Amino acid sequence: MHPMLNIAVKAARRAGNLIHRAADKIDHLTVTKKSHSDYVSEVDRAAEQTIIETLLEAYPGHAILAEESGTQGDSEFVWIIDPLDGTTNFLHGVQQYAVSIALMHHGVLTQAVIYDPTKNDLFTATRGRGAFLNDRRIRVSKRVQLADALVGTGFPYTNFDHEEAYFGIFRELMHKTSGLRRPGAASLDLAWTAAGRFDGFFETGLKPWDIAAGCLLITEAGGMVSDLAGSDNFLKSGHICAGSPLIHEQMLKVIQPHLSDALKA
């Protein structure tokens, strides 16, 4: 395992253990509402601090981009952190949430960890070395027809600017796939796509910490990732389409006629 990936795994497991212990006392946690349907708990903040301390202990000169604490430092190496992706699920006792950590070097994703503490599932990837689930190499699915595909997504929940386009895409994919699923944690949706559990995934309005690690997992598992217009602007725009190469291509053909000018930009 790459040394930087090893440190990221260490950080993710420490945060995951903290989250797992807190899951037994959800009713006693302090929770703050950031915006409509967007919450942060003391567990999010504690997990994030644990991750940052672990990473900076090993690499004190690296920069951080984290969901709760924002940006710190200036470096060619930037750690992108979501300490608890799926906070709403966590707060409702729904066991679908994860820790997500990615490393970007000179603007290129190089390391990825997504850790599901409820199942002890550890997804990892290093650029050029493949993607793994608990030390077993993973690949995107081999399905070739969209009609046979199971597609993950996430409904708009804080920003409804693209609601009309989103539900147009959803409606058409509902008819043209074998099913759509909305589990509620984008990082895990992407990890599942890398592992072939989902054949594809799309969503609008995500943040870099939601998708950075999952995107590297998918490409290292042989898949494709783009924005909804088919370009590589997904980390900046937050609009994403991913999947096995053939399913990704067919999804884009369904998605693109529904896009507004804002979603094409």
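Keep in mind that this is a model prediction, so the values were computed, not measured.

Rules behind the numbers
Residues numbered from 1 in each chain as written. Predicted model: local features only at pLDDT ≥ 70, side-chain atom pairs only at ≥ 80, totals over all residues. Heavy atoms only, no water. Salt bridge = Lys/Arg side-chain N within 4 Å of Asp/Glu carboxyl O. Helix = DSSP H or I, 4+ residues; strand = E, 2+ residues; numbered from the N terminus. Axes fitted to C-alpha atoms, helices over the stretch in contact; angles between N-to-C directions. Parallel < 35°, antiparallel > 145°, perpendicular 65-115°, else oblique. Left-handed = near helix turned anticlockwise from the far one by under 90°. Contact = heavy atoms within 4.5 Å. Buried < 20%, exposed > 50% of the residue type's maximum accessible area, 1.4 Å probe, protein only. Polar contact = N/O pair within 3.5 Å; in protein donor to acceptor, adjacent residues only side chain to side chain. Pairing = 2+ DSSP bridges.

## Overview of the pattern of salt bridges
Here the idea is simple: oppositely charged side chains can pair when their charged atoms come close.
Link 1 in the chain: The full count for this structure, using the stated rule, is 5 salt bridges.
Link 2 in the chain: One salt bridge connects arginine 143 with aspartate 199, and the closest N-O pair in it is separated by 3.0 Å. Of this pair, arginine 143 sits in the loop between strand E10 (136-138) and strand E11 (150-153) while aspartate 199 sits in the loop between helix H5 (186-194) and strand E13 (200-203); the two residues are 56 residues apart in sequence, bridging distant segments of the chain.
Link 3 in the chain: With a shortest N-O distance of 2.6 Å, lysine 176 and glutamate 172 are connected by a salt bridge. Residue lysine 176 and its partner glutamate 172 are both found in helix H4 (residues 163-176); the two are separated by 4 residues, about one turn of the helix.

## Observations regarding unusual backbone geometry
Residues other than glycine predominantly adopt negative phi, and peptide bonds predominantly adopt the trans conformation.
Link 1 in the chain: Residue histidine 106 is not a glycine yet carries a positive backbone phi of 50 degrees.
Link 2 in the chain: Summarising the element assignment, histidine 106 is placed in the loop between strand E6 (98-105) and strand E7 (108-116).

## Points about the packing of helix H1 (residues 3-22) against helix H2 (residues 42-58)
Two measures define how a pair of helices packs: the angle their axes make with one another and the distance between the axes.
Link 1 in the chain: For the pair H1 and H2, interaxial distance at closest approach is 9 Å and the crossing angle is 160 degrees. Looking at the two axes, H1 sits roughly antiparallel to H2. For the element pair H1 and H2, the recorded crossing hand is right-handed. Residue-level contacts link Ile7, Ala8, Lys10, Ala11, Arg14, Ala15, Leu18, Ile19 and Ala22 of H1 to Val43, Ala46, Ala47, Thr50, Ile51, Thr54, Leu55, Glu57 and Ala58 of H2.

## Looking at the side chain of aspartate 116
Link 1 in the chain: Structurally, the position occupied by aspartate 116 is in strand E7.
Link 2 in the chain: What makes aspartate 116 buried here is its relative accessible area of 1%.
Link 3 in the chain: Within polar-contact distance, the side chain of aspartate 116 engages the side chain of lysine 119 at 3.2 Å.
Link 4 in the chain: Those residues within four positions of aspartate 116 in sequence are excluded, and the remaining contacts are Tyr97, Ala98, Asp121 and Leu188.

## Brief notes about the pairing of strand E5 (residues 77-85)
Link 1 in the chain: Of all 9 residues in E5, 8 are buried, a share of seventy percent or more.
Link 2 in the chain: Across 4 bridges, the pairing between strand E3 (residues 63-66) and E5 is parallel. Across the sheet, the residue bridging to isoleucine 64 is tryptophan 79, located in E5.
Link 3 in the chain: In terms of strand pairing, E5 meets E6 through 7 bridges, oriented antiparallel. Of the residues in E6, the one forming a bridge with tryptophan 79 is leucine 103.

## Looking at the pairing of strand E8 (residues 121-126)
Link 1 in the chain: Extensive coverage of E8 is indicated by the burial of 6 of its 6 residues.
Link 2 in the chain: Alternating positions in E8 separate into two faces, Asp121, Phe123 and Ala125 on one and Leu122, Thr124 and Thr126 on the other, with burial throughout.
Link 3 in the chain: Pairing between E7 and E8: 6 bridges, direction antiparallel. Bridge pairing links tyrosine 115 to leucine 122 in E8.
Link 4 in the chain: Hairpin connection from E7 to E8: 4 residues lie between these consecutive antiparallel strands, with asparagine 120 at a positive phi of about 55 degrees.
Link 5 in the chain: Relative to strand E9 (residues 131-133), E8 is paired through 3 bridges, and the arrangement is antiparallel. Within E9, the residue paired with threonine 124 across the bridge is phenylalanine 132.
Link 6 in the chain: Adjacent in sequence and paired antiparallel, E8 and E9 are bridged by 4 residues, among which glycine 128 carries a positive phi angle near 85 degrees.

## Observations regarding the sheet that holds strand E12 (residues 179-181)
Strands belonging to one sheet form pairs held by backbone hydrogen bonds; the direction of such a pair is parallel or antiparallel.
Link 1 in the chain: In spatial order, the strands read E12-E11-E13-E15-E14; together these 5 strands make up an open sheet with mixed pairing. Strands at the two margins of the open sheet, each flanked by one partner only, are E12 and strand E14 (224-226). Strand-to-strand, the axes of this sheet are offset by a mean angle of 15 degrees, without reference to chain direction.
Link 2 in the chain: Against the sheet, helix H8 (residues 245-255) touches E11, E13, E14 and strand E15 (240-243), its axis set at about 150 degrees to E15.

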